[in-house]
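Residue-level structure breakdown
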Amino acid sequence: MVMDETSPKYLSSTNRMINIVIFGPPGAGKGTQSAKLKDKFGLIHISTGDVFRGLNPESDLAKLAKSYSDQGNLVPDEITIKILESEVSKYPDAAGVIYDGFPRTEAQAVALDAFLKSKNTSISMALALEVEENELRDRLKNRALDSGRPDDADPAIIQNRIDVYNAQTAPVADFYKKQGKYVGINGVGSISDIFDRLCSAVQEKA
Ligand code: AMP
């Protein structure tokens, strides 16, 4: 990591972790922007979608997760929360974590708060990438050309993911709004313009 004025040690006068939820619908650019933020701020990037896709495909857990994700449905909270907690526990010395694709339900948000509290830390901010639905559909269709993801390839499954987001995940925004941690970010434009908006928000909020 290149240390500059935005690196973690400059972001806070204490040793506080910077824990960022990257929030937004499928296709909003969470993965792309999380990878850039991770490098810039020296954080760990945890994507629950990547964790599920990285499981041994022969394992019962992978098969179970795939039975939900291939249809664009959410993996049950109990499983997802356990997986997330065990992933976070792999990095006890992290300067902070970017949570990408988690939490996706209010129960997950509550569990994450309790988990972080038990480690004497908390979510610093939820950065929400805002992109309208037609643009999401176009982006996911294009991503299907090289992602190899079955859930990107079928327009009906893409629509289900957007519907699931609207029904189960969008309400999580209120959870962070009530805590004063929600920051809406315009998610349309070039990758670098959107990244600049996110960086400004991190520097302001951290
Ligand atoms: P993503 O890579 O974030 O688009 O996630 C791909 C799929 O993994 C989702 O459609 C869900 O089936 C599953 N998934 C990822 N994160 C979660 C989560 N936090 N809760 C439930 N299911 C999840």
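A separate point is the layout of surface pockets. Where empty space is left can be seen by rolling a probe of water-molecule size over the atoms. The volume enclosed by the second largest pocket comes to roughly 150 Å³. Residue lining of the second largest pocket: 13 residues in total, with M17, V88, Y91, P92 and K119 positioned closest to the centre. In the lining of the second largest pocket, the residues fall into 8 nonpolar, 3 polar and 2 charged.

Next up on the list: the site of the ligand. Residues in contact with the ligand amount to 15 residues; listed here are only the nearest, T48, R53, N73, G101 and Q108. One of the side-chain N or O atoms of Q108 is found 2.9 Å from a nitrogen atom in the ligand. Take R149: an N or O atom from its side chain is 3.0 Å from an oxygen atom of the ligand. Contact with the protein chains hides 94% of the accessible area of the ligand, taken as 480 Å² for the molecule alone.

Within the fold, D151 resides in helix α8 (residues 150-153). Side chain to side chain, D151 and R149 meet in a polar contact 2.9 Å long. Setting aside residues up to four positions removed in sequence, D151 forms contacts with S69, D70, I157, I158 and R161.

Given two aromatic rings, one states the distance between the centres and the angle between the planes to describe the pair. If you walk through the whole model with that rule in mind, you get 2 aromatic pairs. Both rings, one in F23 and one in Y165, keep their centres 6.2 Å apart while their planes meet at 55°; by these two values the pair is tilted. Of the two residues, F23 is situated in strand β1 (residues 18-23) and Y165 in helix α9 (residues 155-169); the sequence distance between them amounts to 142 residues. The class for F23 is buried, based on a relative accessible area of 4%. On the numbers, 5.1 Å between centres and 85° between planes, the contact of F175 with Y176 is edge-to-face. F175 sits in the buried class, given a relative accessible area of 13%. A relative accessible area of 1% means that Y176 is categorised as buried. In this arrangement the basic side chain of K36 is found over the ring face of F195, its NZ or CZ atom lying 4.7 Å from the centre. Lying over the aromatic face of Y182, K177 brings its terminal NZ or CZ to 4.7 Å of the ring centre.

For the protein chain, mean pLDDT is 93; residues scoring 70 or higher make up 93% of the total. Counting interchain partners and residues more than four positions distant, the pLDDT-below-50 stretch residues 9-14 has 9 contacts.

Mapped onto the elements, T169 comes out in helix α9. For T169, a relative accessible area of 4% gives the class buried. For the pair formed by T169 and V131, sequence separation is 38 residues and the distance between their alpha carbons is 15 Å. For T169, the residues in contact, after removing those within four places along its chain, are F23, L74, P103, R104 and V164. From its side chain, T169 meets the backbone oxygen of R104 in a polar contact 2.8 Å long.

Applying the stated criterion to the full structure yields 9 salt bridges. The partner of E133 in a salt bridge is R137, and the shortest N-O contact between them spans 3.5 Å. Of this pair, E133 and R137 both sit in helix α7 (residues 133-147), 4 residues apart, roughly one helical turn. The partly exposed category is assigned to R137, whose relative accessible area is 25%. Here R149 ties to D151 by a salt bridge, and the two come within 2.9 Å at their closest N and O atoms. Both residues of the pair, R149 and D151, belong to the buried class. Connected via shared salt-bridge partners are R143, R149, D151, D152 and R161.

Thresholds applied
Residues numbered from 1 in each chain as written. Predicted model: local features only at pLDDT ≥ 70, side-chain atom pairs only at ≥ 80, totals over all residues. Heavy atoms only, no water. 1 Å grid on protein atoms, 1.4 Å probe; cavity = no way out; pocket = protein on both sides within 12 Å on 5 of 7 lines; lining within 4 Å. Points joined across faces, edges and corners; volume = space filled by probe spheres on them. Nonpolar A, V, L, I, M, F, W, Y, C, P; charged D, E, K, R; others polar. Near = heavy atom within 4 Å. Polar contact = N/O pair within 3.5 Å; in protein donor to acceptor, adjacent residues only side chain to side chain. Areas by Shrake-Rupley, 256 points an atom, 1.4 Å probe, with all protein chains shown as cover. Helix = DSSP H or I, 4+ residues; strand = E, 2+ residues; numbered from the N terminus. Contact = heavy atoms within 4.5 Å. Phe/Tyr/Trp six-rings, centres within 6.5 Å; stacked < 30°, edge-to-face > 60°. Buried < 20%, exposed > 50% of the residue type's maximum accessible area, 1.4 Å probe, protein only. Lys NZ or Arg CZ within 6 Å of the ring centre and 35° of its normal. pLDDT = per-residue confidence, 0-100. Salt bridge = Lys/Arg side-chain N within 4 Å of Asp/Glu carboxyl O.

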